[in-house]
Amino acid sequence: MVDAAQPGTGDVPSTATPSHCSYCALQCAMHITADADGAGVTVAPRSFPTNGGGMCQKGWTAAEVLDAPARLTTPLVRRHGRLHEASWDEALTVVAGALRDIQAEHGPDAVGVFGGGGLTNEKCYLLGKFARVALRTSVIDYNGRFCMSSAAAAGNRAFGMDRGMPFPVTDLANADAILLVGANPADTMPPFVQHLSPAAGGGGLIVVDPRRTATAARASLHLQPAPGTDLALALGILHAAVTGDYVDEAYLADRTAGFDEAWRQAAAWWPERVEQVTGVAAADQRRVAALLGRARNAYVLTARGSEQHATGTDTVSAWINLALALGLPGRHGSGYGCLTGQGNGQGGREHGQKADQLPGYRPITDPAAREHVAGVWGIDSDSLPGPGPSAYELLDALGSETGPRALLVFGSNIAVSAPRAEHVTRRLAGLDFLAVADVVPSETAALADVVLPVTQWAEEDGTMTNLEGRVLLRRKAVDPPAGVRSDLDVLAGLASRLGQPAERFPADPEVVFDELRRASAGGFADYSGISYDRLRGGEQLHWPVPHAEHPGTPRPFLDGFAHPDGRARFVPVTHTGPAEVPDEEYPLVATTGRLLAQYQSGAQTRQVAELMAAQGEMFVEVHPDTARRFGLADGDVAEVTSRRGTTVAVVRCAPSIRPDTVFLPFHFPEQQRANLLTNPALDPTSRMPEFKVCAVQLNKQPSEPPAGTERAEQAPSTPDGSHDPELAAREVG
Amino acid sequence: MSGKRKVVIAGYGMAGARLAEEITARDPGGDRVGVTVVGAEPDHAYNRVLLSSVVAGTLGDDAVRLHSESWACLRGVDVRVATTVTGVDTATRTVSLHGPRGQEELGYDTLVLAQGSAPWIPPADGLVTEDGSPAEGVLPFRTLADCQAIVARARAGTPVAVLGGGLLGLEAARGLAGRGCRVSVIHPCEYIMERQLDRGAAEVLAGTLAGYGIEFRLGTTAAGYVPGDGVKLNDGSWVPADMVVVAAGVRPETALAERAGLRVDQGVVVDDWLRTSDPRIHAIGDCAQHPGTVAGLVQPAWEQATVLAELLTGADSGARYRGTAAVTRLKASGVDLAAFGDVTAEPGSADAEVLCLTDPARGRYAKLVLRDDRVAGAVLLGVPDAAATIAHHYIHRTPAPSDRLAFLLGRALPEEQVPASSPATMPGSTTVCSCNNVPKSRIVDAWRGGARTVGELAETTRATTGCGSCTSAVRGIASWLESTA
């Protein structure tokens, strides 16, 4: 689309390596070029269907994380309260020894493993295998639980299978109407917005968000429900779709089951009633129903705004019910999709780092699945542990009588990204042993007994599965700094020290992928027909790919859904509201989210000076009336306090936000962590915490400047790259 | 079974059905509470609020049913349809039932009266037969059966007289007008919906409805009805009518409560526990009278059902009902009306801040009454998004935004006219490419440095390399610079 304006696409140096971005689930295609002398690395966007040759500021600056001053290059081992440099052999031996001792005394589940949605498929796979085979622990989960597990659960309920977007993103260009719920791609995956432009240009882009986000500003119609009332809104629009006669009766009869029960719930939510709960006009609910109902092609897309609630699964189900009633899913040119957030948010939930799952998106409780995977792993299926606790439950139990006493963390910065972060930080500190593998000294690494410096995206091969289920090969473009090892290497090193045969834990990504293919064969997420060679050859492969000649499955539901009878299921859901509502003491609703120039816990993006210059300051977005009501003005430093903690943030007045709501980005460390506030009320199905709603009060900070605001303006390490003992000192709680 | 509280709910309408749902939701196994629901109508409960949609033809009969046939069975609730409660013996805590199974006595630990209200038929000749039932062609607007009868008679061109210009009467009138009937609304007051509206709003509303072909006869009442011919009015005029829809108000069903010796005023008097004067008997919904509650709306009934379910199941013994901030919404196609709270204060009032705008040509009227910076009441016609926001502030008692005009008018207030930012006038700090945080000044610098085309500017500044939507803006800046060179 904008290729004419793209630099780099026409003039690619011969040394450039085609790869993909290190950040979000759009996985923009890029060329990575290492200077001849190896001193610098540059990236440039590459023409590809998903990003159309586009790239955002994070992508453009991605290479700066490779040689960030704070980059970890030596293993660190804590002695006498301080982290000291150590050899790899020493560090791995300390880790293996600690795990063995703790398991010997307290049993296999005394060691837990925590993964991440940014890890490659190979790492996710090997991490799950490591936990179940080398450690024989059931205690493994990952940060994807915090971001898309509700959509995954709802997708499984409705369609029998969860593939975030069951169609290529380019299909969106032909839509007349797109309903985007709780998603802000203009900030979180900017090049994605090009796929929304045709619908927006035709007056058919509807955005549901309590805030007037950059995405909402581009919408033809922006609905601003009170935070935590999205489910009611979905019911109201379904109601309006029925009374407006937009329901596709033939589709209901041929391709779905359960409409009547779902309608009985929605019948009680007529638009005028929904209006009182959500604040969204009944007329606007009817307008959305009409826009979607009259469109030739229409999509319903949801993201974290729908999911991160104690009723997140039901909320997503409510939006899927609407899409089903209109006859959208499983039709060429229309559909329902979830915008996955993390780089490998899709692949990360398929290959066994989830508490209840084995590779290939197989349930760990299914005897046939256990048999198959145990066969690939060369072990007895009886020796495979069962399902373990979900992420927050795992973290909440750390160091307790019944919980894990040791934890291994890969690719996650829990101390910043988990809900009720101060409590979680205390739980981490309460462990007998914590080991963290990371690229930079994250806030979680600072708490560790052993820190393992690992390679990152451009320094290693690996596959990622993007938001549309397309498997991508990220290729090694540069040599890693001396002293770092890949996560796969770390797992191999630990496994051998734990007595595992070397061939069981290969460190070569392609070898691991070939094993993943076999393990996933026959599962929902069947990768058996995908190979590095096919990906190197430029093939566009969406899973399932059940054999080597299979062309991939860009649109898996066209002929039928994945339930045995081929029908999609309506799920009857009703609105109950958030777990914590404002009261006199905590009169405002806080909601959390992301900024364009930062990514997740900020561990990577806070290393990049240009991104820090763009958006390096923690702030709280407040309506000017609300600010005045609490004695605050634009630029003041405020304390935002919930029942769980206090966050320090600069007040940023925005007339576009609801006066009853404040917004906080969650990328910043220490006292600026938005997650000091958040409520770990869990969804009963997905176990997703309620990041999007908690009750807070707003106060002017009494006196001195907030701890940490100065630090936010620079990378969290000393200028010479050595490890600040203060940072590494384990003093929390 | 011992120790399980026997709850009999007399009434299977909106309130009674909701209470049964709320109880079973809190006690899914039926361990604490055994529920019997007794309903006089032959059908399982349906959603009365949606009946105007049935009349308008946007929902079928089945779509308004609250419960499937299997609902009661699945939840272990004993539902008796086509059964009336004929008496209560408060001493023995027994109710007498009359239904398909004949006469029956049923003991209770707790009795809940949820009997709703009955349509009031004005005293005009010919509206009722000797036995008190409505005459041929005279149809109250209350039950699903009433709606079915109304719809069966409503053909294009059929003259219909609607007695009552309140909420229900207007919803029926609008639905019938949409079916092509020739509708006249006869209303005794000087203006319609006088319980919820001020005169200004009512006049704009009547004007809008007149545009849908509805004729109004205000300040007069029906004197007599001649079946198949029409209605004679007390002002001497005549309205043709093959059908008379009666929506002249309702009366709470209190007969049973009175016979049981309970305290009855307009309705059965209840306290914050929803208790009647007999603590073993509760009342909710239209038949109940709670101080500070507007009768006839579903929201109070459902909130009462929730509180009572908390109390009866022991889920929350601290639950109390303290009234509902009820919002009246007219459900009529092409009309968007919300009214709530005090709407009688006029601009210039000493004790309130009142904003008011009348725009009859576009069917808009907006009146906002504020006290202590909170919404005390409003009438909002034809400004749907503002109505939603203002009602939300009213219900949650949150402070009103200081920009009163934007609050009153919502999207009807045109957004501040930002002059189309020409490349020349745009400040240098304006972000042109948000995906890459590129301000205009950096593009100008790049141009001065020799970059001329969009591609060259992109190469230098990264502008346009995200989603691409700023490409024309960058091109515009380049052309402007070219022209000034």
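Residues numbered from 1 in each chain as written. Chains lettered and ligands numbered in written order. Predicted model: local features only at pLDDT ≥ 70, side-chain atom pairs only at ≥ 80, totals over all residues. Heavy atoms only, no water.

## Concerning the overall build of chain A
On a plain count of helices and strands, chain A comes out with 23 helices and 30 strands. Partitioning the intrachain contacts of chain A with sequence separation of at least 6 by distance along the chain shows that 74% fall at a separation of at least 24. Of the accessible surface of chain A, which amounts to about 22000 Å², a share of 49% is contributed by carbon and sulfur atoms. (Helix = DSSP H or I, 4+ residues; strand = E, 2+ residues; numbered from the N terminus. Contact = heavy atoms within 4.5 Å. Areas by Shrake-Rupley, 256 points an atom, 1.4 Å probe, with all protein chains shown as cover.)

## With respect to the nonpolar core
Membership of the largest hydrophobic core comes to 234 residues, with the highest contact counts inside it found for A:F130, A:L179, A:L408, B:L113, B:L176 and B:L205. Broken down by element, the residue count for this core peaks at 10 residues, all from helix α7 (residues 230-243) of chain A. Residue contacts for A:L179: discarding those within four places in its chain leaves A:I206, A:V208, A:V288, A:L292, A:Y299, A:V300, A:L301, A:W319 and A:L322. The next biggest cluster of nonpolar side chains, apart from the first, holds 44 residues, and it includes A:I178, A:A183, A:A216 and A:W457. (Core = buried A, V, L, I, M, F, W, Y, C linked by side-chain atoms within 4.5 Å. Buried < 20%, exposed > 50% of the residue type's maximum accessible area, 1.4 Å probe, protein only.)

## Some remarks on the sheet that holds strand β21 (residues 328-332) of chain B
Residue and element names in this part refer to chain B. Taken together, five strands build an open sheet; the order of strands is β21-β22-β25-β24-β23 and the sheet is antiparallel. The open sheet has two edge strands, β21 and β23 (353-359), and neither has a second partner. Strand-to-strand, the axes of this sheet are offset by a mean angle of 10 degrees, without reference to chain direction. In terms of strand pairing, strand β22 (residues 335-341) meets strand β25 (residues 374-381) through five bridges, oriented antiparallel. Each bridged residue has a counterpart across the sheet, and for L337 the counterpart in β25 is L381. Along the sheet, helix α9 (residues 384-396) makes contact with β22, β24 (364-371) and β25, crossing β25 at roughly 155 degrees. (Pairing = 2+ DSSP bridges. Axes fitted to C-alpha atoms, helices over the stretch in contact; angles between N-to-C directions.)

## Examining the side chain of A:R264
Within the secondary structure, A:R264 is located in helix α9 (residues 259-267). For A:R264, a relative accessible area of 19% gives the class buried. Apart from the residues within four sequence positions on either side, A:R264 is in contact with B:D62, B:R65, B:L66, B:H67 and B:S68.

## Some points on the confidence of the model for chain A
All names here are of chain A. Per-residue pLDDT for chain A has a mean of 92; in total, 94% of the residues score no lower than 70. Segment residues 1-10: pLDDT under 50, and 34 contacts once partners within four positions in sequence are set aside and those in other chains are kept. Note that pLDDT drops below 50 for residues 708-733; the model gives that stretch 44 contacts with residues more than four away or on any other chain. (pLDDT = per-residue confidence, 0-100.)

## Considering the pattern of salt bridges
Inspection of the entire model under this criterion finds 61 salt bridges over all chains. Here A:D514 and A:R517 are joined by a salt bridge, their closest N and O atoms 2.9 Å apart. Taken together, the residues span about one helical turn, with A:D514 and A:R517 both in helix α19 (residues 509-520) at a distance of three residues. Given a relative accessible area of 18%, A:R517 falls into the buried group. In this structure, B:R462 and A:E610 form a salt bridge, with 2.7 Å as the shortest nitrogen-oxygen distance. Of this pair, B:R462 sits in the loop between α12 (454-461) and α13 (471-484) while A:E610 sits in helix α21 (residues 609-615), placing the two residues on different chains. Given the relative accessible area of 18%, B:R462 is considered buried. Taking relative accessible area as the criterion, A:E610 reaches 26% and is therefore assigned partly exposed. One salt-bridge network, in which partners are shared between bridges, spans A:E580, A:D583, A:R643 and A:R644. (Salt bridge = Lys/Arg side-chain N within 4 Å of Asp/Glu carboxyl O.)

## Brief notes about the packing of helix α10 (residues 271-278) of chain A against helix α11 (residues 282-294) of chain A
Residues and elements named next belong to chain A. Here α10 crosses α11 at 115 degrees, and the two axes come no closer than 8 Å. Seen from above, α10 lies across α11 with right-handed handedness. Judged by residue contacts, P271, E272, V274 and E275 of α10 engage A282, Q285 and R286 from α11. Class assignment of the residues belonging to the contact of α10 with α11 gives a composition of three nonpolar, one polar and three charged. (Left-handed = near helix turned anticlockwise from the far one by under 90°. Nonpolar A, V, L, I, M, F, W, Y, C, P; charged D, E, K, R; others polar.)

## As for the pairing of strand β5 (residues 94-99) of chain B
Residue and element names in this part refer to chain B. With respect to burial, β5 is a largely interior element, five of its six residues being buried. Alignment of strand β4 (residues 84-89) against β5, held across five bridges, turns out to be antiparallel. Across the sheet, the residue bridging to D89 is T94, located in β5. As paired elements, β5 and strand β6 (residues 102-107) share six bridges and run antiparallel to each other. Among the inter-strand pairings, H98 is bridged to a residue of β6, identified as Q103.

## A closer look at the sheet that holds strand β11 (residues 182-187) of chain B
Residue and element names in this part refer to chain B. Strand order in this open sheet of five strands is β9-β16-β10-β11-β12, and the pairing throughout is parallel. What marks the edges here is a single partner per strand, and that holds for β9 (138-140) and β12 (215-218). Adjacent strand axes in the sheet meet at a mean angle of 20 degrees, parallel and antiparallel pairs treated alike. Strand direction decides the pairing type here: β9 and strand β16 (residues 243-246), joined by three bridges, are parallel. In the strand pairing of β16, P140 is matched with V246. Sheet contacts for helix α4 (residues 144-153): β9 and β16; angle to β9, the most-contacted strand, approximately 140 degrees. Packing of helix α5 (residues 167-178) onto the sheet brings it into contact with β10 (159-163), β11, β12 and β16, and relative to β11 it is tilted by some 165 degrees.

## Structural notes on the interface of chain A and chain B
Taken together, the contact between chain A and chain B spans 54 residues of the former and 50 residues of the latter. Together, the buried faces of chain A and chain B total about 3700 Å²; carbon and sulfur atoms form 52% of this surface. Contact with chain B buries surface across chain A, with A:R264, A:W270 and A:Q276 losing the most and accounting together for 19% of the total. The tally of links from chain A across to chain B stands at three salt bridges. Counting every contact that joins chain A to chain B gives 16 residue pairs in polar contact (both at pLDDT 80 or more). Contributions of two or more residues to the side of chain A that touches chain B are made by α1 (57-60), β10 (221-223), α7, α9, α10, α11, α21 and α22 (624-629) of chain A. By residue number, the principal contributor to the side of chain A that touches chain B is α10(A), which donates six residues. Class assignment of the residues belonging to the side of chain A that touches chain B gives a composition of 27 nonpolar, 13 polar and 14 charged. (Buried area = accessible area lost by both parts, 1.4 Å probe. Polar contact = N/O pair within 3.5 Å; in protein donor to acceptor, adjacent residues only side chain to side chain.)

## Thoughts on the side chain of A:D284
Examined against the element boundaries, A:D284 turns out to sit in helix α11. In this structure A:D284 touches A:L221, A:L223, B:D385 and B:R411, once residues within four positions along its chain are discounted.

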